[in-house]
Each structure stands twice: as structure tokens, then as C-alpha cells.
Amino acid sequence: MPKSVRPALSAVLLVLACLLVPFGALSAWAKYEIGDRDSYVATMAPLASDPAVRAAVADAVTDSVMKEIDVGPLRGAVESFVRDAVRSFTETGAYRTAWKAANRGAHDAVQSALNDDSNGEVTIDLAPITEQIKRQLEDDGVPFASKIPVKHTEITVLESEDLGRLWKSFHTLQVAGVWPAVAAAVLAVAGVLLAARRRRAVTATALGMALTAAVLAAAVATGRALTLDDLPPDISRDAAGAVYDALTETLRVTAWVIIATGLVVALAMWLLPRLSDRRHRSA
């Protein structure tokens, strides 16, 4: 290869490597965090203890139960009783088990949102939780408890047309898996090897990857704001924010790890020749 071509080719490869960094993080996240059911359920499991999510679940289950029973003038008192019972249930281990079961079903909704046949809604079927509530009320001897049907009551935790359009393109990233990240690493190594000044190439690559990772982190934050702004009034913003944060935590952490690593590598490349010069001078 002519020496005059190598610097230009090196620059092109390094730029491509930097641009692939956020896509590599996104595709790995889409495939292994969102696409894998066990990983998804593990990600959502801590939300069982989130106050906003528990409140949203209590409201949805209570509304569902009250629609199915007729208690006449006692409706206000009964509704308050049911709501207290549901809130009490959300503090138990049985609720956490039911929450995991509900999220296994919700995983299909997330997968649909990632494909191009969904409008971006993410819903959780509360039927497993309603069933547990019914049993608890029956055990407590509540007269109307046996009349409560266990229906598929869904709570919408994310709903955004903008998010839906964005998630439609994630199907391609999910199929790509780790390959964009692998390609970024291969291109980076090839670009550095072709560079005339390899130390400078490593520095530029590290800073470029840190920059594109910062863009990814900013995009995740912007996506959160857009998602919450598009929510209808009957959906809890706090609960939706908790869900969004849980689903994107790995993505945010990955972005910040890449930023920190890139800055550390760039700093090391800047310091090494200076430390070497000091040693030679002192010697």
C-alpha cells in the first residue's frame, strides 16, 4: 500500500470506529438487555419496591376491582379498603413474585415495541397481582372477594409516539447484536496500525470514542425527557420515569464507562512521552 494512502485510510477507519461505538452499545443493549427475557425481568424486578410504581399498580388494581363489583352506597368505604389492601400487598414477597410474573408477560410488549408492528406502548398485565389480591381478600373473609374476576388489567408504563418510531429501528440493532462493537474494535486496531504516528492515533481514537459515547448519554437523557413529556395525564410520570431509568441503566453506565476509559487512555498517551523525557533527563 502506498505510504501516501495509509494516513487517509487510517483516518477513515478511526472515524468509522468512533461512529460505531454508540451503535455497538445500543445493539448489545437491545439484544442482551431488552431482547433476553431473563435479563429484562431481572432489570425490572427492583421496581417492585419503587414507591411510584407501587402506587400506580395499587391505583390500577383498585380501579379494576371496583369496576367489577357493586357495593351500592358503601362504594367509597370499600374502595378505600381495597386500595389499602392492595398497597399493603405491594410490601410483601408474594407481590414481588407476582411482579416478576407480570413482567415476563410484559417482555412480549417490549419486544413488540422494538419491532415495526407496535406504536411504542409498554404495558404490564396486572392479572397475577389481581389474583393474589383476590386470594388475600378471601382469606380475610371479605364478602365480595369471591366475585372479583381475575381479568387482564394492563398498566401502561411507557407510551410515546416518538419513542415508538425510534424503537422500530432498534429491531435492526437487536439483530446486529455485538457485531457493531466488534467492528469498532477491529477498525480501531487497523486504523492505529496504519497510522504514521500511532500514539497520536490512539489519543485521537480514545477522545473520539469518548465523544460519541457522550452523545449516546445525551441521547438517552433527551429520550427520557421526550418520553415523559408525551405521556397522557392518566399515566404516572414518576412511575414511567422509574421504568425508563431501569430499562436504560445499562446503556447509561456503558456510555459513562466508555467516556471514562477514553479520557484515561488519552491522558495516558499524553503523559507517557513526558514521563519518558523526565527519566532520560534525570538519568
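Conventions we followed
Residues numbered from 1 in each chain as written. Predicted model: local features only at pLDDT ≥ 70, side-chain atom pairs only at ≥ 80, totals over all residues. Heavy atoms only, no water. Helix = DSSP H or I, 4+ residues; strand = E, 2+ residues; numbered from the N terminus. Buried < 20%, exposed > 50% of the residue type's maximum accessible area, 1.4 Å probe, protein only. Contact = heavy atoms within 4.5 Å. Areas by Shrake-Rupley, 256 points an atom, 1.4 Å probe, with all protein chains shown as cover. Axes fitted to C-alpha atoms, helices over the stretch in contact; angles between N-to-C directions. Left-handed = near helix turned anticlockwise from the far one by under 90°. Arc of directions from axis to C-beta. Polar contact = N/O pair within 3.5 Å; in protein donor to acceptor, adjacent residues only side chain to side chain. Phe/Tyr/Trp six-rings, centres within 6.5 Å; stacked < 30°, edge-to-face > 60°. Lys NZ or Arg CZ within 6 Å of the ring centre and 35° of its normal. Salt bridge = Lys/Arg side-chain N within 4 Å of Asp/Glu carboxyl O.

### Details of the overall build of the protein
Okay, step 1: Across its full length, the protein carries 11 helices and two strands.
Okay, step 2: Each helix and strand of the protein, placed in order from N terminus to C terminus, yields the pattern α-α-α-α-α-β-α-β-α-α-α-α-α.
Okay, step 3: When each of the 283 residues of the protein is scored for burial, the buried share is 43%.
Okay, step 4: Taking all contacts inside the protein whose residues are at least 6 apart in sequence as the whole, residues at least 24 apart take part in 80%.
Okay, step 5: When the accessible surface of the protein is split by element, carbon and sulfur atoms take 59% of a total near 15,000 Å².

### Notes on the packing of helix α1 (residues 6–34) against helix α10 (residues 198–229)
Helix-helix packing is described using two parameters, namely the angle between the two axes and the distance between the axes.
Okay, step 1: The contact between α1 and α10 brings their axes to 9 Å, and the two run at 35°. As α1 packs across α10, the resulting crossing turns out to be right-handed. Residues Leu14, Ala17, Cys18, Leu19, Val21, Pro22, Ala25 and Leu26 of α1 pack against Ala201, Thr205, Gly208, Met209, Thr212 and Leu216 of α10.

### A few points about helix α2 (residues 37–44)
Okay, step 1: If you check which residues of α2 are buried, you get Tyr40, Val41, Thr43 and Met44. Looking down the long axis of α2, one finds its buried residues gathered within 160° of arc, a one-sided arrangement. Opposite the buried face of α2, at more than 90 degrees from it, the exposed residues are Asp38 and Ala42.
Okay, step 2: Between the side-chain oxygen of the N-cap and the backbone nitrogen of Asp38 there are 3.3 Å, and the N-cap of α2 in question is Asp36.

### Some thoughts on the packing of aromatic side chains
Okay, step 1: What the rule picks out here adds up to two aromatic pairs.
Okay, step 2: Centroid distance Phe89 to Tyr95: 6.0 Å. Interplanar angle 80°. Geometry classified as edge-to-face. Assigned by exposure class, Phe89 and Tyr95 land together as buried.
Okay, step 3: With 6.3 Å between their ring centres and 40° between their planes, Tyr95 and Trp99 make a pair best called tilted. Taken together, the residues Tyr95 and Trp99, both in helix α5 (residues 93–114) and four residues apart, mark about one turn of the helix. Assigned by exposure class, Tyr95 and Trp99 land together as buried.
Okay, step 4: The rings of Phe89, Tyr95 and Trp99 are connected pair by pair, giving a single aromatic cluster.
Okay, step 5: Positioned over the ring face of Tyr32 is Lys31, at 5.8 Å from the centre of the ring.

### Comments concerning the side chain of Thr43
Okay, step 1: Along the chain, Thr43 falls in helix α2.
Okay, step 2: A relative accessible area of 16% places Thr43 in the buried class.
Okay, step 3: Apart from residues lying up to four places away in sequence, Thr43 is in contact with Glu33, Ala246 and Leu247.

### A look at the pattern of salt bridges
Pairs can form between side chains of opposite charge once their charged atoms are near each other.
Okay, step 1: Applying the stated criterion to the full structure yields five salt bridges.
Okay, step 2: Notably, a salt bridge pairs Arg54 with Glu91, separated by 3.3 Å at the nearest N-O pair. Pair noted here: Arg54 is in helix α3 (residues 51–68) and Glu91 is in the loop between α4 (75–89) and α5, with a separation of 37 residues, a long-range link.
Okay, step 3: As a salt-bridge pair, Arg83 and Asp59 come within 2.6 Å of each other at their nearest N and O atoms. Note that Arg83 is positioned in helix α4 and Asp59 in helix α3, a separation of 24 residues in sequence.
Okay, step 4: Within the structure, one salt-bridge network assembled from shared partners comprises Asp59, Glu79 and Arg83.

### Remarks on the environment of Ala239
Okay, step 1: Position of Ala239 relative to the elements: it lies in helix α11 (residues 237–282).
Okay, step 2: Each C-alpha atom, one on Ala239 and one on Val53, is 4.7 Å from the other, the two residues being 186 residues apart in sequence.
Okay, step 3: Other than its neighbours up to four places away in sequence, Ala239 contacts Ala52, Val53 and Ala56.

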